[in-house]
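Summary of the model geometry
So the chains spell out like this:
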Amino acid sequence: MPEPLISLAYLTALLVSFGCMLLIDRRFGLFLFRDPLRAALVLAAGLFFFLAWDLAAISLGIFLHGPAPYMTGIMLAPELPLEELVFLLFLSHLTMVLVLGFQRLFSRGEA
């Protein structure tokens, strides 16, 4: 695989996974497609929380960005790659889809 494509591997995997999660969310109307404004606020809060967590850990020297051939190399801040922001957004969305999906699944059994 050519070098420029290798550096997009992780970001591509994240975006494909995020796209699949959006399809699941839309199919079952769990989160983003159920109430877009509220979902956007929750995603923003989750992203803010995890980004603050990462920045605190970076400032303490806990999180470091090492050389990685599968990453774009685009840095949003020292030690904070672009892929981390996409991952945190994906993580927040995944969490809400799982929580609301399990909530719906278990509430059907009790009805």
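Report on the accompanying structure. Small disclaimer: the values here were computed from a predicted structure and weren't measured.

1. Remarks on the pattern of salt bridges
Inspection of the entire model under this criterion finds 1 salt bridge. For aspartate 35, the salt bridge goes to arginine 38, with nearest N and O atoms at 3.2 Å.

2. Examining helix H2 (residues 9-28)
Between the first and last C-alpha of H2 there are 29 Å, a value that for 20 residues agrees with the 28 Å anticipated at 1.5 Å per step. Those residues of H2 that fall on the buried side of the exposure criterion are Leu11, Leu14, Phe18, Met21 and Asp25. All buried residues of H2 project into a common sector of 90° when viewed along the axis, lining one side. Along H2, exposed side chains directed more than 90 degrees from the buried face belong to Leu23, Arg26 and Arg27. Directly after H2, the chain includes glycine 29, whose backbone phi takes a positive value near 55°.

3. Section: a nonpolar patch on the surface
Side chains of Phe49, Trp53, Leu60, Ile62 and Phe63 sit close together on the surface and give an oily, nonpolar patch of about 580 Å² of accessible area. Among the secondary structure elements, tryptophan 53 is positioned in helix H3 (residues 36-59).

4. Details of H3
Its 24 residues place the ends of H3 34 Å apart at the C-alpha level, agreeing with the 34 Å of an ideal helix rising 1.5 Å per residue. All of the buried residues in H3 are Ala39, Leu43, Gly46, Leu47, Asp54, Ala57 and Ile58. Taken from the residues just after H3, glycine 61 is the one with a positive phi, measuring 80°.

5. Notes on the nonpolar core
Core analysis: the largest hydrophobic core is formed by 9 residues, namely Phe18, Met21, Leu30, Phe31, Ala39, Leu43, Phe90, Val97 and Leu100. Among the secondary structure elements, those contributing two or more residues to this core are H2, H3 and helix H4 (82-110). Considering every element that reaches this core, the biggest residue donor is H4, with 3 residues. Leaving out residues up to four positions away in the same chain, leucine 100 has contacts with Leu30, Phe31 and Arg34.

6. Here's the deal with the side chain of glutamate 83
You can see glutamate 83 is positioned in helix H4. No salt bridge is formed by the buried glutamate 83. Its closest oppositely charged neighbour is arginine 26, at 27 Å. In this structure the side chain of glutamate 83 is engaged in a polar contact, spanning 2.7 Å, whose partner is the backbone nitrogen of threonine 72. Once residues within four sequence positions are removed from consideration, glutamate 83 is found in contact with Tyr10, Leu11, Leu14, Met71 and Thr72.

7. Remarks on the packing of aromatic side chains
The tally for this structure, following the rule as stated, stands at 4 aromatic pairs. Where phenylalanine 49 meets phenylalanine 50, the ring centres are 5.2 Å apart and the plane angle is 70°; that geometry is what we call edge-to-face. You can call phenylalanine 50 partly exposed: its relative accessible area is 27%. For the ring pair phenylalanine 102 and phenylalanine 106, a centre distance of 6.0 Å and an interplane angle of 15° mean the geometry is stacked. Remark: phenylalanine 106 and phenylalanine 102 occur in helix H4; sequence separation between them is 4 residues, near one turn of the helix. Taking relative accessible area as the criterion, phenylalanine 102 reaches 43% and is therefore assigned partly exposed. One aromatic cluster is present, formed by Phe49, Phe50 and Trp53 through successive ring pairs. Directly above the aromatic system of phenylalanine 28 lies the positively charged group of arginine 27, at a separation of 4.7 Å from the ring centroid.

The rules behind these values
Residues numbered from 1 in each chain as written. Predicted model: local features only at pLDDT ≥ 70, side-chain atom pairs only at ≥ 80, totals over all residues. Heavy atoms only, no water. Salt bridge = Lys/Arg side-chain N within 4 Å of Asp/Glu carboxyl O. Helix = DSSP H or I, 4+ residues; strand = E, 2+ residues; numbered from the N terminus. Expected span 1.5 Å × (residues − 1). Buried < 20%, exposed > 50% of the residue type's maximum accessible area, 1.4 Å probe, protein only. Arc of directions from axis to C-beta. Patch = residues over 30% accessible without salt bridge, like charges linked within 9 Å, V, L, I, M, F, W, Y side chains within 5 Å. Areas by Shrake-Rupley, 256 points an atom, 1.4 Å probe, with all protein chains shown as cover. Core = buried A, V, L, I, M, F, W, Y, C linked by side-chain atoms within 4.5 Å. Contact = heavy atoms within 4.5 Å. Lys, Arg positive; Asp, Glu negative; His and termini not counted. Polar contact = N/O pair within 3.5 Å; in protein donor to acceptor, adjacent residues only side chain to side chain. Phe/Tyr/Trp six-rings, centres within 6.5 Å; stacked < 30°, edge-to-face > 60°. Lys NZ or Arg CZ within 6 Å of the ring centre and 35° of its normal.

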